[in-house]
Amino acid sequence: MTKSTILPLALSGLLALQPWLASAATWNQTSSFYGQDFYKWDFFNQTDPTNGLVRYLPLANAKYANLTYAEGNTFVMKVDTVEQALDGRQSIRISSPDSYSDGVYVLNVSHVPLGCSTWPAFWTVTENLDNWPVGGEIDIMENANDEFASNLVSLHTKSSCTIPSSISDQTGMVAYTNCSAYTPENTGCRVEMNGTSTPTWGTKLNMAGGGVIAMERAMGSTGSGVRVWYWANDQATLPSDLKSGSSSVDPSTWGTPAVHFDVADNCHSDFGPHKITFDITLCGDWAAQSYISSGCAATYGACSSQVAYNGSSYSEAYWEIQGLRVFATGGGNDNSAKSPNTHIATTSGSAKVSPFLVGLGTAILGLAAATLA
Ligand SMILES: *[C@@H]1O[C@H](CO)[C@@H](O)[C@H](O)[C@H]1NC(C)=O
Ligand SMILES: *[C@@H]1O[C@H](CO)[C@@H](O)[C@H](O)[C@H]1NC(C)=O
Ligand SMILES: *[C@@H]1O[C@H](CO)[C@@H](O)[C@H](O)[C@H]1NC(C)=O
Ligand SMILES: *[C@@H]1O[C@H](CO)[C@@H](O)[C@H](O)[C@H]1NC(C)=O
Ligand SMILES: *[C@@H]1O[C@H](CO)[C@@H](O)[C@H](O)[C@H]1NC(C)=O
Ligand SMILES: *[C@@H]1O[C@H](CO)[C@@H](O)[C@H](O)[C@H]1NC(C)=O
Ligand SMILES: *[C@@H]1O[C@H](CO)[C@@H](O)[C@H](O)[C@H]1NC(C)=O
C-alpha cells in the first residue's frame, strides 16, 4: 500500500488539485519517430567502433540495396543476405539527430535481429563517442549470437559504479555487478530479463509480433536511476498510458520493472546527453569472442566464415520497428537531472567521431578481449 492510499479523503482530494505534487512521476512526450522519420537519423558510415565484420551503409546506399525501407509506421533495417561478402557484410547503424538525457524511452518493436554472429543493440550512448566511456552507455535491448534466451540490459560507465548482486524490486536476474567499462571483458553491469514467461528475445518474441519496451532514466535526487519494463504487444495488458495516442506516461503505475539499476545517487555524473542508437554488427568484440560458447562454431566454423560465405543465414537479421517515443520533460520538479553532463544538447554542437580515437578505444578493448581468448 502506498502512502497516498491511506490519506484521508479530503487531503487526497486537495493533493489531486496540486499538479506539482500529484504529477511527480509523470513525463510528457517530446519526440516520436515512425516509418520514414528514421531516414532523418544519422546513418553511421565509418568503421565499426566495435570491430564487427560489417560495412555500415549511408542512407542512399542502404535504400538502394533495400536494406532499409519504411512503410506506414514501420521502419526496417537489415543485414545483407547476399551469399558472399568477403570484405565485410553490409549493415546499418543509426543514431538520433538530437541528444536526450532523463526521460522515458518507449520502443514498439515487431522483430529483433536474430542469428549466429549477430550482435544487435538498441541503446543510448554519449554524444561524444570519442570520449567514451565518459558520458556513459545504456543498452536497452542486446544479445550476441542469441546466446541468451532473454534480453540483456546493461550500463557502461567511466567510474566503477556498481549494482547489488540481488535486486528485490525487479523481475530480471543480475549477471554482472560492476558497471565500469574497464573490467576485463567490459560486460558492464548487466541484468538478464529472464524472470518472466513473456518472451523478451528470440524467435518466440518475433513470432508473437514483438512488444513494447520502456526505459526510464531518472538521475535526479528522487530519481530511480535506470528502470526497464517489457510488455507483449497486446493492447489488453499494456498500461493505458502506453497505448497509442497518450502524450504522457507515469512509470510509477507500471508495477515491478524487469530491471532496476538504482544508480541515481552514486553514478549520475557518469551519464551525459545520449544519442539513441540502433545497430546490427557481426562478430566484433563480443559476438566473435562468444562464438564458440554460444554453439555457433559447431554450425558454421569460424564467425568470419559465416559472414563471408553464408548470406542465407542472415534472413532473420533485421530490426522491424513500429515506433519510438521519447518523454523527456517532467518526472517531477525535484527530478531534474543533477549531473553536470545531463543537459539537453542540440545536434549542431555534437562531436563527430574520430576514427583514430575510436580505433584507439577499441584497440584497448580488443586487447582486453584478446587476453581472455
Ligand atoms: C557519412 O557520415 C557523415 C557524418 O554523419 C556525413 O557528414 C557524411 O555525409 C556521410 N557520408 C555519406 C556518403 O553519406
Ligand atoms: C524491399 O524489401 C521488402 C521486403 O522484402 C519488399 O517488400 C519490397 O518490395 C522491397 N523493395 C524494393 C524496392 O525492392
Ligand atoms: C537468468 O539470468 C541469470 C543472470 O544471467 C543467470 O544466472 C540464470 O542462470 C538465468 N536463469 C535462467 C533460468 O536462464
Ligand atoms: C570495477 O572494475 C574496475 C575496473 O576493472 C575496478 O577498478 C573496480 O575496482 C571495480 N569495482 C569493484 C567494486 O570491484
Ligand atoms: C505497436 O505497433 C503495432 C503495429 O503498428 C500496433 O498495432 C500497436 O498498437 C503498437 N503498440 C503501441 C503500444 O503503440
Ligand atoms: C550456410 O549455413 C547453413 C546452416 O544455417 C548450412 O546448411 C549451409 O550449408 C551453409 N552454406 C554455406 C555456403 O556454407
Ligand atoms: C505536461 O503536459 C501537461 C498537459 O498538457 C501540462 O499541464 C504540464 O505542464 C506538462 N508538464 C511539463 C513538465 O511539461
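Look above for the structure.
Calculation criteria
Residues numbered from 1 in each chain as written. Chains lettered and ligands numbered in written order. Predicted model: local features only at pLDDT ≥ 70, side-chain atom pairs only at ≥ 80, totals over all residues. Helix = DSSP H or I, 4+ residues; strand = E, 2+ residues; numbered from the N terminus. Buried ≥ 20, exposed ≤ 12 C-beta atoms within 10 Å, placed from the backbone. Contact = placed C-beta atoms within 7 Å. Pairing = 2+ DSSP bridges. Core = buried A, V, L, I, M, F, W, Y, C linked by C-beta atoms within 7 Å. Near = placed C-beta within 6 Å. Nonpolar A, V, L, I, M, F, W, Y, C, P; charged D, E, K, R; others polar.

Asker: Any chance you could break down the overall build of the protein chain for me, citing the residues and the numbers?
Answerer: From N to C terminus, the protein chain includes 9 helices and 21 strands. Buried positions account for 46% of the 373 residues belonging to the protein chain. Within the protein chain, residue pairs in contact and separated by at least 24 positions form 76% of the contacts whose partners lie at least 6 positions apart.

Asker: Please set out the sheet that holds strand β21 (residues 329-330) residue by residue, giving values where relevant.
Answerer: Taken in spatial order, the 3 strands line up as β17-β1-β21 in an open sheet, and their pairing is antiparallel. Two strands close off the open sheet at either side, each with one partner strand: β17 (248-249) and β21. Here 2 bridges tie strand β1 (residues 27-28) to β17, and the two strands are oriented antiparallel to one another. Bridge pairing in β17 places Asn-28 opposite Ser-248.

Asker: Let's hear about the sheet that holds strand β12 (residues 152-156): which residues, and what values?
Answerer: If you walk across this open sheet you meet the 8 strands as β3-β8-β19-β10-β11-β12-β14-β13, and the pairing is antiparallel. Unpaired on one side and paired on the other, β3 (42-43) and β13 (173-176) mark the two borders of the sheet. Across 5 bridges, strand β10 (residues 118-126) lies against strand β11 (residues 137-142) in antiparallel orientation. Within β11, the position partnered with Phe-122 by the bridge is Met-141.

Asker: I'd love a proper account of the pairing of β11, names of residues and values included.
Answerer: Most of β11 is tucked away, with 6 of its 6 residues classed as buried. Looking at chain direction, β11 and β12 are connected through 3 bridges and run antiparallel. By the bridge assignment, Ile-138 is partnered in β12 with Leu-155.

Asker: Requested: an account of unusual backbone geometry, with residues and values cited.
Answerer: Outside of glycine, negative phi angles account for most residues, and trans bonds account for most peptide bonds. In this model, Trp-132 is joined to Pro-133 through a cis peptide bond whose omega is 10°. Assignment of secondary structure puts Pro-133 in the loop between β10 and β11. Phi angles above zero are rare outside glycine, and Cys-283 is one such case at about 55°.

Asker: Talk me through the nonpolar core; I want residue IDs and the actual numbers.
Answerer: Counting residues in each nonpolar core, the largest one holds 86 residues, and the members touching the most others are Ile-92, Ile-140, Ile-213, Ala-214, Val-228 and Ala-287. The leading source of residues in this core is strand β20 (residues 318-327), at 6 residues. In this structure Ala-287 touches Ser-117, Thr-118, Trp-119, Ala-144, Asn-145, Leu-282 and Cys-303, once residues within four positions along its chain are discounted.

Asker: Run through the site of ligand 6, naming residues and quoting values.
Answerer: Inspection of the region around ligand 6 gives Thr-299, Tyr-309, Asn-310, Ser-312 and Ser-313 as its neighbouring residues. Split into classes, the residues belonging to the shell around ligand 6 amount to 1 nonpolar, 4 polar and no charged.

Function-wise, these values are silent; they only describe arrangement.
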